[in-house]
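# Remarks on the overall topology
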Amino acid sequence: GNSSACPDGAAWVQAVFDECARDGRDVASVLLGLASIGCFAAASFPQFYQACKTGIMDQALSIYFLLGWLGGDLLNLIGSFLANQLPLQIYTAIYYVLADLVMLFLYCYYKAKNRGRGFGASINAAFVFVFLGTVSTVSLLRRDPGVAPAPAAFRGRALLAADVREAGDTPFSRNEIIGFIIGSISSVLYLCSRVPQIYTNYKRKSTAGISYSLFALVMLGNTLYGMSVLLKNPEPGQSQGDYLLHHLPWLVGSLGVLSLDFIISFQFLAYRGGKPGAPEERDALLGEQDEP
């Protein structure tokens, strides 16, 4: 029903993503978004393999890093729905949450395996987040996306955009404002989640048990995601400044964490090879398991 509002747009983008790609710049934006999804989809698997290989995932990753990551992804998913983000962005947010839940499950599994009965408050908090994440994801997946906007009010990628040609309309709906706020909180959680992991690496003087491919692919995915948003043309009647402002929480959540991920990358270089604790850490941990 929206095809008449985008007569010169790419037909495959319109059919698959219900988005109007009016020119090559818009098509490139969609392709970069798809590439970012591929990076995020592949990012978790090296860490899953590393966890099974070393068995020290509970020592290598900070529980607060995982919880902050999951919290940010949950809010990102909810905010994307409320703020009418693109289907492509919503699909990415759904995958984030599902991958985070698997990673938290592995963390809890190895925590229980390596520490026996040592279930502390962090594990209980992890199970609460897993439960909330599962419930939120399932409820949003089953949610009716609602009635599609009329052709004259085709929204495309615009966040909090309103059809300025319709007199009497409220610029921002209540749900959209809530979505923007939730997206902003999500960005803060993304930024804060890196700090505990940076401290954990510094304290251990090691990155053993962590797959660098996880962070490398996340960095690449965030870069492509940010470029995808920046490359997209603003909606008709929307200035470039308004477009960037409306997407600011999602841009901060993607591009803002790159500086912190670069710090983690530097730690991988600083603590590799013969640094104390890196080669022997697994043996020490396994030795602790054998103690009565």
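Residues numbered from 1 in each chain as written. Predicted model: local features only at pLDDT ≥ 70, side-chain atom pairs only at ≥ 80, totals over all residues. Heavy atoms only, no water.

### Looking at the packing of aromatic side chains
Formally: Between rings of Phe, Tyr and Trp, where Trp is taken as its six-membered ring, a pair exists when centres lie within 6.5 Å; planes separated by under 30 degrees are stacked, by over 60 edge-to-face, and by other angles tilted. Numbering of helices and strands starts at the N terminus; helices are DSSP runs of H or I of at least 4 residues and strands are runs of E of at least 2. Two conditions define a charge located above a ring, namely a distance within 6 Å from the ring centre to NZ of Lys or CZ of Arg, and an angle within 35 degrees of the ring normal.
This structure, assessed with the given rule, holds seven aromatic pairs. Centre to centre, the rings of F45 and F48 are 6.0 Å apart; their planes meet at 85 degrees, and the pair counts as edge-to-face. Note that F45 and F48 are positioned in helix α2 (residues 24-54) at a spacing of three residues, about one turn of the helix. Ring centres 5.0 Å apart and planes at 80 degrees place the aromatic pair Y109 and Y110 in the edge-to-face group. Its guanidinium or amino end placed over the ring of W69, R194 lies 5.1 Å from that ring's centre, counting from NZ or CZ. Its end group placed over the ring of Y202, K205 keeps NZ or CZ at 3.8 Å from the ring centre.

### Quick word on the side chain of S265
What counts is decided by this rule: Whether two residues touch is decided by their heavy atoms; if any such pair falls within 4.5 Å, the residues are in contact.
The topology assignment puts S265 in helix α11 (residues 258-270). Contacts of S265, omitting those with residues within four sequence positions, involve Y212 and M219.

### Quick look at the UniProt feature "transmembrane region" (unreviewed entry) in the protein chain
Here is the rule we go by: UniProt positions are given in the numbering used here, feature names are shortened, and annotations may be inferred rather than shown by experiment.
UniProt annotation of "transmembrane region" (unreviewed entry) refers to residues 27-49, 61-82, 88-110, 122-141, 177-196, 208-230 and 250-271 when read in the numbering used here. With 100% helix and 0% strand, the stretch residues 177-196 has end C-alpha atoms that lie 30 Å from each other.

### Topic: the nonpolar core
We apply this condition: Joining through side-chain atoms within 4.5 Å is the link that ties buried Ala, Val, Leu, Ile, Met, Phe, Trp, Tyr and Cys residues into a set, and such a set is a nonpolar core. Note on classification: 1.4 Å probe, protein chains only; a residue is buried when its accessible area is under 20% of the maximum for its type, exposed when over 50%, partly exposed between these limits.
M57, L61, L66, L77, M103, L214 and F215 are the most contacted members of the largest nonpolar core, which totals 43 residues. Elements supplying a minimum of two residues to this core: α2, α3 (57-60), α4 (63-82), α5 (87-115), α7 (174-204), α8 (212-231), α10 (248-255) and α11. Considering each element in turn, this core owes the most residues, 11 residues, to α5. Discounting residues that sit within four places of it in the chain, L214 has contacts with A43, S44, Q47, W69 and M103. Listed in part, the six residues of the second largest apolar core include A10, F17, A21 and V27.

### Re the confidence of the model for the protein chain
For the record, the criterion: Within a predicted model, pLDDT stands for the predictor's per-residue confidence, ranging from 0 to 100.
Summarising the model, the protein chain shows a mean pLDDT of 74, and 70% of its residues fall at 70 or more. Predicted confidence in the protein chain is weakest over helix α12 (residues 281-290), with a mean pLDDT of 46, and strongest over α11, with 92. Contacts for the low-pLDDT stretch residues 274-282, under 50 throughout, to residues beyond four places or in other chains number 16 contacts. Residue range residues 284-292 is modelled with pLDDT below 50. Its contacts to residues more than four positions away, or to other chains, number three contacts.

### Some points on the packing of α2 against α8
Selection rule: Axis lines are fitted through C-alpha atoms, for helices just across the contact stretch, and the angle between N-to-C directions can take any value from 0 to 180 degrees. When describing relative orientation, an angle under 35 degrees is termed roughly parallel and one over 145 degrees roughly antiparallel, while 65 to 115 degrees is termed roughly perpendicular and anything else oblique. Should the near helix be turned anticlockwise from the far one by less than a right angle, the crossing is termed left-handed; should it be turned clockwise, right-handed. Only Asp, Glu, Lys and Arg are considered charged in this grouping, and only Ala, Val, Leu, Ile, Met, Phe, Trp, Tyr, Cys and Pro are considered nonpolar; every other residue, Gly among them, is considered polar.
For the pair α2 and α8, the least separation of the axes is 8 Å and the interaxial angle reads 165 degrees. In this view, α2 runs roughly antiparallel relative to α8, as classed from their interaxial angle. The way α2 lies across α8 gives a crossing that is left-handed. Here the residues of the contact of α2 with α8 sort into 17 nonpolar, nine polar and one charged.

### Section: the pattern of salt bridges
Note the threshold: The term salt bridge refers to a side-chain nitrogen of Lys or Arg lying within 4 Å of a carboxyl oxygen of Asp or Glu.
Applying the stated rule across the entire model yields two salt bridges. The residue D26 makes a salt bridge to K232 at a minimum N-O spacing of 3.5 Å. One end of the pair, D26, is in helix α2; the other, K232, is in the loop between α8 and α9 (240-246), and 206 residues separate them in sequence. Residue classification places D26 among the buried residues on the basis of a relative accessible area of 0%.

### A short note on empty space enclosed by the protein
Take a probe with the size of a water molecule and roll it over the atoms, and the empty space left behind shows itself. For clarity, the threshold we go by: In the cavity and pocket records, a cavity denotes points on a 1 Å grid over the protein atoms alone where a 1.4 Å probe fits but cannot get out, a pocket denotes an open set with protein on both sides within 12 Å along at least 5 of 7 lines, and lining residues are residues with an atom within 4 Å of a point. Grid points are joined across faces, edges and corners, and a volume is the space filled by probe spheres set on the points.
The final tally for this structure, using the stated rule, is three cavities of 30 Å³ or more. Each pocket or cavity is described by its volume, and for the largest cavity that value is around 320 Å³. At the level of secondary structure, the elements contributing two or more residues to the lining of the largest cavity comprise α2, α4, α5, α7, α8 and α10. The element contributing the most residues to the lining of the largest cavity is α5, with eight residues. Among the residues making up the lining of the largest cavity, the classes are represented as 15 nonpolar, 10 polar and three charged.

### Things to note about the side chain of S254
Definition in use: The term polar contact refers here to a pair of N or O atoms within 3.5 Å; inside protein, the definition further demands a hydrogen-donor-capable atom paired with an acceptor-capable atom, and it admits residues adjacent in sequence only when both atoms are side-chain atoms.
For S254, the location among the structural elements is in helix α10. For S254, a relative accessible area of 2% gives the class buried. Of the polar contacts made by the side chain of S254, one reaches the backbone oxygen of L251; its length is 3.1 Å. Each residue touching S254, except ones within four places of it in the same chain, is listed here: N222, Y225 and G226.

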